[in-house]
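Examination of the molecular architecture
So the chains spell out like this:
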Amino acid sequence: MKLTLFTCTVTALLSVMVALPIGYLLSRYDFRGKALIDAVLDIPIVLPPLVVGLSLLILFNKMPPWEWLGIDGPSFEEMFGKIFGPFMPEGMDAGITYKVPAVILAQFTVAAAFAVRTMRNTFDQISPRAEQVALTLGCNRAQAFIRVVVPEAWRGVSTAGTLAWTRAMGEFGPILVFAGTIRGRTEVLSSSVFLEISIGNLEGAVIVSLMMVSIAVVVLIAVRMWGRESRKKFVL
Amino acid sequence: MIAVEQLSVRAGDFCIDGISFEVPTGEHGVLMGKTGCGKTTILEAICGLKEVVSGRITLMGRDVTRLRAGERGIGFVPQDGALFATMTVRQQLAFGPKVQGWGKKEIEQRVPELAEELGIEDILERKPFGLSGGERQRVALGRALAVRPKIICLDEPLSALDEETHEGMVELIRSVVKEHGITALHITHSRREADLIADKEFFLEDGKLVQGRVE
């Protein structure tokens, strides 16, 4: 349960951080390759979940992008270990696959795609005029984005965060392949359901499922209420 | 003075070429023309919001063609006001001075002074939602004037106002612009509005700019 809350929260934060600039870029600018990026962002949504997990497993362990270019080099897994290894406590190594970072990455791959879509729609609905006025008043692009666009997009940000969070909680296929379902190590609620079913404990699976439903409902209600409060502040 | 020489601007597939005109210092130039003929594109190029393909834009004797929008010293009032939805009227008026690094005291002095001049003292703590069309345009005008620009560009600022509010706003814009010696470029579709406010009139037709004088 703790691991689920932790990984979902990290995934939601990362997804929003990535979705804000990419959603803005896709909404406001026309550039060469935009259609390709747009299509690539949909891949995690349309691919079968197990294939997403398998792709991550291969990318991080067997085939880093530079290998396709014929360049020898360490895999992402080895690089991650080299960078974070010295900072890890005694007895813990800094790997990705079949460890907590793999859970987060597996959740992030799909959740971020949804968050980007949400943010792009949000920016599409915000007129660029206010931003242009901010530019004439002395803002640079980054200042106009932070001071004018982000506050106006705040409800979209909370929607994207919630969507990413709940999506991350329900993710299973990529986690199964990339992080495994190791009891007490990479076990999140969705994988608990699978583990309970696999040992024939249907009752346990139902209890965990109900917990997931309850958490999702609580999160949705909380965000809706918070959204309503912020809308009141927005209007008054 | 606003001086535009042989200006070419491209906006997607749309392109305007070889536009030249001048609005002398302290005068109110009005740009008219059919919808979609490129009036707003010209205004945006002058404000630094559209990239210029070729030609030159000179504001108060300074070549600003390649400067970014914030360095041109122009106040911009768009068609719908485009107020910042999350800010109070006070915050909107203080926005420009704040971005340009004015001192707190200076801002605290400037905002009420401007609010009084534009008759919006009573709505300083309100947010844009629920403001009337006239109030929105006054706030948009105030936000543009807050940093004391020498030039102001207005893109159909009064098109959504009822007749009574329209007349009041025309008078307000006219008096504020004259009083502060601001050079203005104003886009409108209204012949009457142009007659009331213009020192110089320009018509954009079939990609050509024709200058006319107010009779």
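Residues numbered from 1 in each chain as written. Chains lettered and ligands numbered in written order. Predicted model: local features only at pLDDT ≥ 70, side-chain atom pairs only at ≥ 80, totals over all residues.

1. As for the overall build of chain B
Summing up its helical and strand segments, chain B has 6 helices and 10 strands in all. Against the compact-globule benchmark of 17 Å for 215 residues, chain B has a radius of gyration of 17 Å, which places it among compact chains. The buried share of chain B, reckoned over its 215 residues, is 45%. (Helix = DSSP H or I, 4+ residues; strand = E, 2+ residues; numbered from the N terminus. Rg over C-alpha atoms; globule rule 2.2 N^0.38 Å. Buried ≥ 20, exposed ≤ 12 C-beta atoms within 10 Å, placed from the backbone.)

2. Some details on the overall build of chain A
Within chain A, the secondary structure is distributed over 12 helices and 0 strands. What you see in chain A, going N to C, is helices and strands ordered as α-α-α-α-α-α-α-α-α-α-α-α. Counting the 236 residues in chain A, one finds 36% classified as buried.

3. Considering the pairing of strand E9 (residues 200-205) of chain B
Residues and elements named next belong to chain B. Two elements, strand E3 (residues 28-33) and E9, share 5 bridges in a ladder whose sense is parallel. Across the sheet, Gly33 pairs through a bridge with Leu204, a residue of E9. Judged from the 5 bridges that link them, E9 and strand E10 (residues 208-212) form a sheet pairing that is antiparallel. Its bridge partner being in E10, Phe203 is matched across the sheet by Val210. Linking two consecutive strands that pair antiparallel, namely E9 and E10, is a turn of 2 residues; a positive phi of about 50° is found at Asp206 within it. (Pairing = 2+ DSSP bridges.)

4. Focus on the environment of Ser54 of chain B
All names here are of chain B. Here Ser54 is to be found in strand E4 (residues 52-59). Using a count of 13 C-beta atoms within 10 Å as the deciding quantity, one classes Ser54 as partly exposed. The sequence separation of Ser54 and Gln6 amounts to 48 residues, and the corresponding C-alpha distance is 7.3 Å. Residues contacting Ser54, with those up to four places away along its chain left out, are Gln6 and Ser8. (Contact = placed C-beta atoms within 7 Å.)

5. Digging into the interface of chain A and chain B
Facing the 18 residues of chain A at the interface are 19 residues of chain B. For the side of chain A that touches chain B, the secondary structure elements donating two or more residues are helix H7 (129-136), helix H8 (141-152) and helix H12 (202-235) of chain A. Counting residues per element, the side of chain A that touches chain B draws most heavily on H7 of chain A, at 6 residues. Partitioned by chemical class, the residues of the side of chain A that touches chain B number 10 nonpolar, 6 polar and 2 charged. (Nonpolar A, V, L, I, M, F, W, Y, C, P; charged D, E, K, R; others polar.)

6. A look at the sheet that holds E3 of chain B
Two pairing modes exist for strands in a sheet, parallel and antiparallel, and in both the strands are linked by backbone hydrogen bonds. Residues and elements named next belong to chain B. Spatial ordering of the open sheet is given by E6-E7-E8-E3-E9-E10, a layout of 6 strands whose pairing is mixed. Of all strands in the sheet, those with a lone pairing partner are strand E6 (74-77) and E10, marking the two edges. Pairs of neighbouring strands in the sheet enclose a mean axial angle of 20°, with direction left out of account. (Axes fitted to C-alpha atoms, helices over the stretch in contact; angles between N-to-C directions.)

7. Considering unusual backbone geometry
Residues and elements named next belong to chain B. With a phi close to 50°, Met60 is a non-glycine residue in the positive phi region. Its location among the elements puts Met60 in the loop between E4 and strand E5 (62-63). Backbone geometry places Ala82, a non-glycine residue, at a positive phi of 45°. On the secondary structure map, Ala82 appears in the loop between E6 and helix H2 (89-99). Since 23 C-beta atoms lie within 10 Å of it, Ala82 is described here as buried.

8. Describing the packing of H7 of chain A against H8 of chain A
Residue and element names in this part refer to chain A. Orientation of H7 relative to H8, taken along the N-to-C sense of each, is 135°, at an axis distance of 9 Å. Relative to H8, the element H7 is oriented oblique. Read as a crossing pair, H7 and H8 show a hand that is right-handed. Facing Ala130, Glu131, Ala134 and Leu135 of H7, the residues of H8 in contact are Ala144, Arg147, Val148 and Val149. A class-by-class count of the residues in the contact of H7 with H8 yields 6 nonpolar, no polar and 2 charged. (Parallel < 35°, antiparallel > 145°, perpendicular 65-115°, else oblique. Left-handed = near helix turned anticlockwise from the far one by under 90°.)

9. Some remarks on the pairing of strand E8 (residues 183-187) of chain B
Residues and elements named next belong to chain B. Of all 5 residues in E8, 5 are buried; the element is thus mostly enclosed. Residues of E8 alternate between two faces, with Thr183, Leu185 and Ile187 on one and Ala184 and His186 on the opposite face, all of them buried. One ladder, built from 4 bridges, connects E3 with E8; its direction is parallel. Looking across to E8, one finds that Leu31 is bridged to Ile187.

10. Considering helix H5 (residues 163-179) of chain B
All names here are of chain B. The end-to-end C-alpha distance of H5 is 24 Å, a good match for the 24 Å that 17 residues give at a rise of 1.5 Å each. Within H5 the residues assigned to the buried category are His166, Ile173 and Val177. Along the axis of H5, the buried residues cluster in a sector spanning 30°; they form a single face. Projecting away from the buried face of H5 at angles above 90 degrees are the exposed residues Glu164, Glu171, Ser175 and Glu179. Buried positions along H5 lie against E3, helix H4 (133-145), strand E7 (151-155), E8 and helix H6 (191-197). Gly181, located one to two residues past H5, shows a positive phi value of around 65°. (Expected span 1.5 Å × (residues − 1). Arc of directions from axis to C-beta.)

11. Brief notes about the nonpolar core
One finds Ala115 and Ala164 of chain A together with Ile46 and Ile152 of chain B to be the most contacted residues of the largest nonpolar core, which totals 108 residues. Take this core: its biggest share by element is 15 residues, from helix H6 (residues 100-125) of chain A. Once you skip the residues sitting within four places of it in the chain, Ala115 of chain A turns out to touch Ser15, Val16, Ala19, Ala160, Leu163 and Ala164 of chain A. (Core = buried A, V, L, I, M, F, W, Y, C linked by C-beta atoms within 7 Å.)

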